[in-house]
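# A structural walkthrough
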Number of protein chains: 6
Amino acid sequence: MRLSKRAAHEMRSVSFERNIAKHAEGSCLVKFGDTHVLCTASLEARIPAWQRNNNQGWITAEYGMLPRSTGERMRREAVSGKQSGRVLEIQRLIGRSLRAVVDLKALGGKQIILDCDVLQADGGTRTAAITGAWVALYDCLSWMQQRQMILRDKVLKDHVAAISCGIVKNMPILDLNYEEDASAQTDANFVMTGKGGIVEIQGTAETAPFSEEELSVLITMARKGIHRLVELQKLAVV
Amino acid sequence: MRLSKRAAHEMRSVSFERNIAKHAEGSCLVKFGDTHVLCTASLEARIPAWQRNNNQGWITAEYGMLPRSTGERMRREAVSGKQSGRVLEIQRLIGRSLRAVVDLKALGGKQIILDCDVLQADGGTRTAAITGAWVALYDCLSWMQQRQMILRDKVLKDHVAAISCGIVKNMPILDLNYEEDASAQTDANFVMTGKGGIVEIQGTAETAPFSEEELSVLITMARKGIHRLVELQKLAVV
Amino acid sequence: MRLSKRAAHEMRSVSFERNIAKHAEGSCLVKFGDTHVLCTASLEARIPAWQRNNNQGWITAEYGMLPRSTGERMRREAVSGKQSGRVLEIQRLIGRSLRAVVDLKALGGKQIILDCDVLQADGGTRTAAITGAWVALYDCLSWMQQRQMILRDKVLKDHVAAISCGIVKNMPILDLNYEEDASAQTDANFVMTGKGGIVEIQGTAETAPFSEEELSVLITMARKGIHRLVELQKLAVV
Amino acid sequence: MRLSKRAAHEMRSVSFERNIAKHAEGSCLVKFGDTHVLCTASLEARIPAWQRNNNQGWITAEYGMLPRSTGERMRREAVSGKQSGRVLEIQRLIGRSLRAVVDLKALGGKQIILDCDVLQADGGTRTAAITGAWVALYDCLSWMQQRQMILRDKVLKDHVAAISCGIVKNMPILDLNYEEDASAQTDANFVMTGKGGIVEIQGTAETAPFSEEELSVLITMARKGIHRLVELQKLAVV
Amino acid sequence: MRLSKRAAHEMRSVSFERNIAKHAEGSCLVKFGDTHVLCTASLEARIPAWQRNNNQGWITAEYGMLPRSTGERMRREAVSGKQSGRVLEIQRLIGRSLRAVVDLKALGGKQIILDCDVLQADGGTRTAAITGAWVALYDCLSWMQQRQMILRDKVLKDHVAAISCGIVKNMPILDLNYEEDASAQTDANFVMTGKGGIVEIQGTAETAPFSEEELSVLITMARKGIHRLVELQKLAVV
Amino acid sequence: MRLSKRAAHEMRSVSFERNIAKHAEGSCLVKFGDTHVLCTASLEARIPAWQRNNNQGWITAEYGMLPRSTGERMRREAVSGKQSGRVLEIQRLIGRSLRAVVDLKALGGKQIILDCDVLQADGGTRTAAITGAWVALYDCLSWMQQRQMILRDKVLKDHVAAISCGIVKNMPILDLNYEEDASAQTDANFVMTGKGGIVEIQGTAETAPFSEEELSVLITMARKGIHRLVELQKLAVV
């Protein structure tokens, strides 16, 4: 029995609430159970300096947590004066994941910034952020298409979504909440496209090394979860 | 006619959604029209070093804006590495305002941190933050009372709420939205208690100096608005 | 009897020493009793980037305290690596106050930076700074007029000065020194023009909320003080 | 044919030079071809505050690059004033990897800091750093054993080493140099123990998603490379 | 003929104004011509952590320049967020120079911080700072002696003063102003005690290397200047 | 007898290893006994903004120490977020020293950055850095000459090298190691050209002031040492 009372391959209830931020070109409040992430997509007129001669656009992401999104209040990042290694690592991952399904050439010298801010955390914030950011990006690209700036389906080549897996008490489980994550022997995050290609895989042994067989079980489980997330994304944007 | 189509003394629709953050001891999503602020109250075991010999507790506040809470995306504060003068000024104001209705001695060496994070901004974020933080604080103190840590009504002596007023095209108006705020000749924020005492008053001439008579009109208008906010707070916490 | 032995409406002795900094286009050492602030006005060829398309000049202020201007030595701001919230709040106030009496269009794309550095503090540093900065600005504008850059009286529309008031032991008093400030129930700062218009009003309840009647008494008292300061400014610049 | 002229599964020449830093308790200059990393292990009397009540020791890592370790000179990190996201990500990985083969309880309240400084970079700096840090750690633990502080083989449970793999022009290759890394479709880093357990796996699609079959080929290739690195570690410390 | 119209070995007019800062235990406004430095000596109850086990007191110095002390306004150090290399170099020099004439054991676990803030700069700010700091320190130690904390003459073993020399157009000159300093071939600062011992010597070739003979001429010139400064210090503190 | 067992005027064994960093235009690992400094010379296409209108090139230096180059591990500078006063002082000295033998006009608008990173420290890191940086600079200029960018011998007018001297137990000694440096009464660093001109002299009394005669002895000793270093530089670059 999982700590979360869920079956091994059972995900939390997932929802997407679009148009949650009136100023943003695209936005989505994504919930994976008690993990709530507000994703906005902002169209910027300018791209970063180091991209200027590449004749293409750019997609980047930033990630943050509200101070009391967590069980114990965290120090506000603007007060500590810098983003932690964990935050930088996550926002780099979100950016890479979304860029994997975007044709940057087709973006025409524009930049889109995906802000993923965790309002409430209960494990899996990075996977929820990637999955929700796709919806915000979709809406931002629709907004641009309505203004004849781009063709959305030329820019956005596929879905992308992410899910965590782990091994807890020797049982492989899907979509860990905080409590499960804290007691996992092995912890892995998977990012895949709608067509099933792997975009990113990050597996870490927390208490003991894991085997290739175990990794294989986790990938199969993740693939099913991501397939379900992509279906939900499709329902959300129709 | 106001830019917002409202009558001169008409406030925006105001709502309080309690228990919005599952980890916080008290929380409230306050909305003044399209201005949405997530307020959490976090109980901390420790008080700041400079308060330790005072034999009392402490209340402090922090304020932030999500990058795309505004019309143009703002730089993330954790990236710029410091809080702006405006942010520091607002969070000092929120802290002073709430401390004005709290008996710090009765808090018994504990600290409560009020985090006010703007999810969406349309003018009046500081007044919404103060008004919503009171609700989050109320709930945090109830939580403490349930655990026999304090007597809530000994700690919390009164309500406190805040509202903005301004003069736009020579007309005094209440509860300015962003557009009105940007075109105001005079801009003032008032913080008052449930009993009607003034806790804080900040008036600024934006384009031309104002007179004592004009100030007096604004105070009267603000008093009515704050009276209404306190009634709504009462309804919210019953 | 006041802690300072002064009558309720009696200000400290005020003096302005002009041309105190040989490099600056305008400068003034202003003293409100034991509060000494060195104000310089520096003409800059460039205005801030965000003002460039506005076809006008700009006035801004910076404020600082020498480490041993205070009773206990303060940490040097260059060492702590940032300006405190209090410092940022004060320098924003000084800038707004001086801009209230300046026609920025008439400044012709130039920027003037007003540096107010507290050499010795005994309460009321911000009010002394505003009052002295006006003199430094006047001299800077005269310097510019001598070089046919502007017409001083087109740029500088009026005087501006500031004074603090407060309620100590239920007695309203004018121009608080540090000791009085530390024991005030209510503390307010007023900025007014030579013609008597209110530019800025900031009132804070330190120990108990105050009433509109008390505020009114303080405004009347402040008006007299500021009238006197403006007379002294006039004498200083003849 | 690889850009490096090596066979697909051929690693660069690898060497370990021990005792390279006279002050450190353990040190190793590790070379993977033209990638040179100076690893030192420093015994610290104190462990981080958040570890103090855990009744165990701690191992952490820091990573840096000399400004001209790279083809174009990089800005010195001490000048830019912070560590980049990439640097933080790598040093977190090094720390996790080494902790995976250490019994922290057996370290007895001590901390060991592994500093990995890249003197010259040509791809694979993180894998060289992990592999070399193991040697520096081994020597540090021997130093401690000689002083009766610990039993080295109780603390250090196994070898750990790391290697990169990637797919370049559809060919899976092992131990990429900079040029190969820059043109890889898929890029993966593997950390494994001497017994063959997986400690960390990080795979990223650079230009197109990859399949589970491709990942499987890379794991097999990595396993052989890490087996070879562990043999070389054994030769180095006899 | 010197740029300053002075004779080669002629110093600027030097003055010391004591008790210039009412809060400080010792203070002195020192003027070397148009170079004005406000020096305060602050007694601190605590010494730096790294000095705690040395069973002695500590003297340290901090140095700063007001933004408009210079011909062109400098960026405020609190805004730039750090002290420049030049500032750090100077304050280290001031601290070393004063410690050279102090018996730290006799200070009894106390720390004195010497703040040297340049109100107006015209070359030689560091030499003026050292020379004036000695007076502020003297007064601080007298203050402590009056309170039976120390014996001043046991702590302060000698005078210390400093002067600059340089070679301009092949002529050795004493006490350079800014204009002379900017055109010097060789620039040197000397710190000596009342008894004539050298505490610090810093000579730099600006345009061409200098010879031992030239250095010797400068030392002789400096010795006379410092002898004169020590006489003035004696007159100042009687 | 010296702590290092060397004769008073005996230097440590000195070596230069060129071409140590494959990416750099010039590089040199210099060793003064156990002090090892990796010096690289990097050609930059751009010069600093403040040099742009001077119609010349620029040479600058940066200095750093690896965390475990020292007996006790130092905090990594990139982590502390700034360079210490000592580091800034040393890198300014290195830059001045090298510029003293360079014709910046002949550099043709290019900048060369000399990075001096201490791999292992045992006293005299700044003198080793200057001496080794000359070799790296020489090789960088040769690299430029091969590409017809400059004439090396027009740019590089002379050798420059540096050595430390000190007085330990009243005995003047040359080239102090860490232990000797820590116990010196007087500590001095000298930078001279191949022709024997003095570029920089820095003498500090550590425990007691020193006399002109003592300084003279140190200069003579330093001159011999630097003469030897220049001979070794010549042998290194043939």
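Residues numbered from 1 in each chain as written. Chains lettered and ligands numbered in written order. Predicted model: local features only at pLDDT ≥ 70, side-chain atom pairs only at ≥ 80, totals over all residues. Heavy atoms only, no water.

## Describing the overall build of chain A
Broken down by element type, chain A carries six helices and nine strands. Here the C-alpha radius of gyration of chain A, 18 Å, is about what a compact globule of 238 residues would show, namely 18 Å. Viewed in the frame of its principal axes, chain A has a C-alpha envelope of about 55 × 40 × 30 Å. Looking at chain A residue by residue over its 238 residues, the buried ones come to 63%. For chain A, the share of sequence-separated contacts (at least 6 apart) that also reach a separation of at least 24 residues comes to 69%. Carbon and sulfur atoms form 49% of the exposed surface of chain A, whose accessible area is close to 9400 Å². Placing the 31 positive and 27 negative side-chain charges of chain A at their respective mean positions leaves the two points 6 Å apart. (Helix = DSSP H or I, 4+ residues; strand = E, 2+ residues; numbered from the N terminus. Rg over C-alpha atoms; globule rule 2.2 N^0.38 Å. Buried < 20%, exposed > 50% of the residue type's maximum accessible area, 1.4 Å probe, protein only. Contact = heavy atoms within 4.5 Å. Areas by Shrake-Rupley, 256 points an atom, 1.4 Å probe, with all protein chains shown as cover. Lys, Arg positive; Asp, Glu negative; His and termini not counted. Charge placed at Lys NZ, Arg CZ, Asp CG, Glu CD.)

## Concerning the relation of the copies chain B and chain A
For the pair of chain copies, the relating transformation is a rotation about an axis with a translation along it. Note on the copies: chain B fits chain A at an RMSD of 0.0 Å, the axial shift is 0.0 Å, and the rotation between them is 180 degrees. Interpreted geometrically, this transformation is the action of a two-fold axis. Both copies present the same face, since 100% of the interface residues in chain B are matched by interface residues at the equivalent positions in chain A. (Least-squares fit on C-alpha atoms with pLDDT ≥ 70 in both.)

## Looking at the pairing of strand β3 (residues 35-44) of chain F
Residue and element names in this part refer to chain F. Burial analysis of β3 places nine of its ten residues in the buried class, which makes it a mostly covered element. Pairing analysis gives seven bridges linking strand β2 (residues 26-32) to β3, with the strands arranged antiparallel. Its bridge partner being in β3, Phe-32 is matched across the sheet by Thr-35. In textbook terms, the turn of a hairpin is the stretch between consecutive antiparallel strands, and for β2 and β3 this stretch comprises two residues, one of which, Gly-33, has a positive phi near 60 degrees. (Pairing = 2+ DSSP bridges.)

## Some remarks on helix α2 (residues 85-99) of chain D
For an α-helix the count is 3.6 residues per turn, leaving residues at separations of three or four pointing the same way. Residue and element names in this part refer to chain D. Counted at 1.5 Å a residue, the expected span for α2 with its 15 residues is 21 Å, and the 21 Å between its end C-alpha atoms agrees. Burial of α2 is extensive: eleven of the 15 residues sit out of reach of the surface. Within α2 the residues assigned to the buried category are Gly-85, Val-87, Leu-88, Glu-89, Ile-90, Gln-91, Leu-93, Ile-94, Gly-95, Ser-97 and Leu-98. (Expected span 1.5 Å × (residues − 1).)

## Considering the packing of helix α2 (residues 85-99) of chain E against helix α3 (residues 125-146) of chain E
Each pair of packed helices can be described by the angle between their axes along with the distance between the axes. Residue and element names in this part refer to chain E. Running from N to C, α2 and α3 cross one another at 40 degrees; their axes reach a closest spacing of 10 Å. In terms of orientation, α2 lies oblique with respect to α3. Both α2 and α3 take part in a crossing whose hand is right-handed. Judged by residue contacts, Arg-86, Ile-90, Leu-93, Ile-94, Ser-97 and Leu-98 of α2 engage Thr-125, Arg-126, Ala-129, Ile-130, Ala-133, Trp-134 and Leu-137 from α3. Classifying every residue of the contact of α2 with α3 by side-chain character gives nine nonpolar, two polar and two charged. (Axes fitted to C-alpha atoms, helices over the stretch in contact; angles between N-to-C directions. Parallel < 35°, antiparallel > 145°, perpendicular 65-115°, else oblique. Left-handed = near helix turned anticlockwise from the far one by under 90°. Nonpolar A, V, L, I, M, F, W, Y, C, P; charged D, E, K, R; others polar.)

## What to know about the sheet that holds strand β3 (residues 35-44) of chain E
All names here are of chain E. Here five strands make up an open sheet; going across it, the order is β1-β2-β3-β5-β4 and the pairing mixed. The strands lining the two open edges of the sheet, one partner per strand, are β1 (14-18) and β4 (58-65). Between one strand axis and the next, the sheet turns through 20 degrees on average, direction left out of account. Sitting on the sheet, α2 touches β4 and β5 (111-120), and the angle it makes with β4 is about 145 degrees. The sheet contacts of α3 involve β1, β2 (26-32), β3, β4 and β5, and relative to β3 the element is tilted by about 35 degrees.

## Some points on the arrangement of the chains
Note that chain A does not reach chain C: the shortest distance linking a C-alpha of one to a C-alpha of the other is 11 Å. Structurally, chain A and chain E remain out of contact, their C-alpha atoms never closer than 12 Å.

## Brief notes about the sheet that holds strand β3 (residues 35-44) of chain D
Residue and element names in this part refer to chain D. Strand order in this open sheet of five strands is β1-β2-β3-β5-β4, and the pairing throughout is mixed. Where the open sheet ends on each side, the last strands, each with one partner, are β1 (14-18) and β4 (58-65). Adjacent strand axes in the sheet meet at a mean angle of 20 degrees, parallel and antiparallel pairs treated alike. Contacts between helix α3 (residues 125-146) and the sheet are confined to β1, β2 (26-32), β3, β4 and β5 (111-120), with β3 contributing the most and set at about 35 degrees to the helix.

## With respect to the interface of chain B and chain A
Each partner contributes to the interface: chain B provides 38 residues, whereas chain A provides 38 residues. Of the roughly 2700 Å² buried at the junction of chain B and chain A (both faces included), carbon and sulfur atoms supply 47%. Viewed at the interface, chain A and chain B are joined by 16 salt bridges. Applying the counting criterion to the chain B and chain A interface returns 24 residue pairs in polar contact (both at pLDDT 80 or more). Mapped by element, the contributors of at least two residues to the side of chain B that touches chain A are β3 (35-44), β4 (58-65), α1 (77-80) and β5 (111-120) of chain B. Of the residues belonging to the side of chain B that touches chain A, the class tally is 15 nonpolar, ten polar and 13 charged. (Buried area = accessible area lost by both parts, 1.4 Å probe. Salt bridge = Lys/Arg side-chain N within 4 Å of Asp/Glu carboxyl O. Polar contact = N/O pair within 3.5 Å; in protein donor to acceptor, adjacent residues only side chain to side chain.)

## Focus on unusual backbone geometry
Peptide bonds are mostly trans, and most non-glycine residues show a negative phi. Residue and element names in this part refer to chain B. Of note in this structure, Gln-148 is not a glycine but carries a positive phi near 60 degrees. For Gln-148, the position within the fold is in the loop between α3 (125-146) and α4 (152-155). Given the relative accessible area of 70%, Gln-148 is considered exposed.

## Let's talk about the packing of aromatic side chains
All chains considered together, the criterion is met by six aromatic pairs over all chains. Here the guanidinium or amino end of Arg147(D) rests over the ring plane of Trp143(D), the centre of that ring lying 3.8 Å away. (Phe/Tyr/Trp six-rings, centres within 6.5 Å; stacked < 30°, edge-to-face > 60°. Lys NZ or Arg CZ within 6 Å of the ring centre and 35° of its normal.)

## Some words on the packing of helix α6 (residues 212-237) of chain B against helix α6 (residues 212-237) of chain C
One way to put it is that α6(B) packs onto α6(C) with a least axis distance of 12 Å and a crossing angle of 160 degrees. In this view, α6(B) runs roughly antiparallel relative to α6(C), as classed from their interaxial angle. Crossing hand, α6(B) versus α6(C): right-handed. Here Glu212(B), Leu215(B), Ser216(B), Ile219(B) and Arg223(B) of α6(B) come into contact with α6(C), specifically with Glu212(C), Leu215(C), Ser216(C), Ile219(C) and Arg223(C). In terms of residue class, the contact of α6(B) with α6(C) is built from four nonpolar, two polar and four charged.

## Examining the confidence of the model for chain A
Confidence in the prediction for chain A averages 95 pLDDT; 100% of positions are at 70 or higher. Both confidence scores are given for the complex: pTM 0.91, ipTM 0.95. (pLDDT = per-residue confidence, 0-100.)

## Section: the side chain of Gln120(C)
All names here are of chain C. Within the secondary structure, Gln-120 sits in strand β5 (residues 111-120). According to the relative accessible area criterion, Gln-120 is buried, its value standing at 5%. There is a polar contact of 3.0 Å between the side chain of Gln-120 and the backbone oxygen of Asp-34.

## Quick notes on the side chain of Thr193(B)
Here Thr193(B) is to be found in strand β8 (residues 186-193). Since its relative accessible area comes to 4%, Thr193(B) is described here as buried. In this structure Thr193(B) touches Val101(B), Asp158(B), His159(B), Val160(B), Val199(B) and Pro209(C), once residues within four positions along its chain are discounted.

## Regarding the pairing of β2(F)
One face of the sheet, then the other: side chains in a regular strand alternate in exactly this way. Residues and elements named next belong to chain F. Within β2, six of the seven residues are buried, which leaves the element mostly enclosed by the surrounding structure. Taken together, the five bridges between strand β1 (residues 14-18) and β2 define a ladder with antiparallel strand orientation. The residue bridging Glu-17 from the neighbouring strand is Leu-29, located in β2.

## Description of the pattern of salt bridges
As enumerated under the stated definition, the model contains 113 salt bridges over all chains in all. In this structure, Arg223(D) engages Glu212(A) in a salt bridge whose closest nitrogen and oxygen atoms are separated by 3.6 Å. Here Arg223(D), found in helix α6 (residues 212-237), pairs with Glu212(A), found in helix α6 (residues 212-237), and the two come from separate chains. Using a relative accessible area of 30% as the deciding quantity, one classes Arg223(D) as partly exposed. When its relative accessible area of 21% is taken as the criterion, Glu212(A) is described as partly exposed. Several salt bridges share partner residues, and in doing so they unite Arg2(F), Arg6(F), Arg12(F), Asp122(F), Asp175(F) and Glu180(F) into one network.

## Observations regarding the environment of Ala161(A)
Within the secondary structure, Ala161(A) sits in strand β6 (residues 160-168). Taking the C-alpha atoms as reference points, Ala161(A) and Lys195(A), 34 residues apart in sequence, are found 11 Å from one another.

## Quick look at the state of the cysteines
Overall, the coordinates contain zero disulfides over all chains when judged by the stated rule. Cysteine Cys39(A) is unpaired, with the sulfur of Cys116(A) as its nearest cysteine sulfur at 4.1 Å. Overall, the relative accessible area of 1% leaves Cys39(A) in the buried class. Cys140(D) takes part in no disulfide bond, and the closest cysteine sulfur, belonging to Cys39(D), lies 13 Å away. (Disulfide = S-S within 2.5 Å.)

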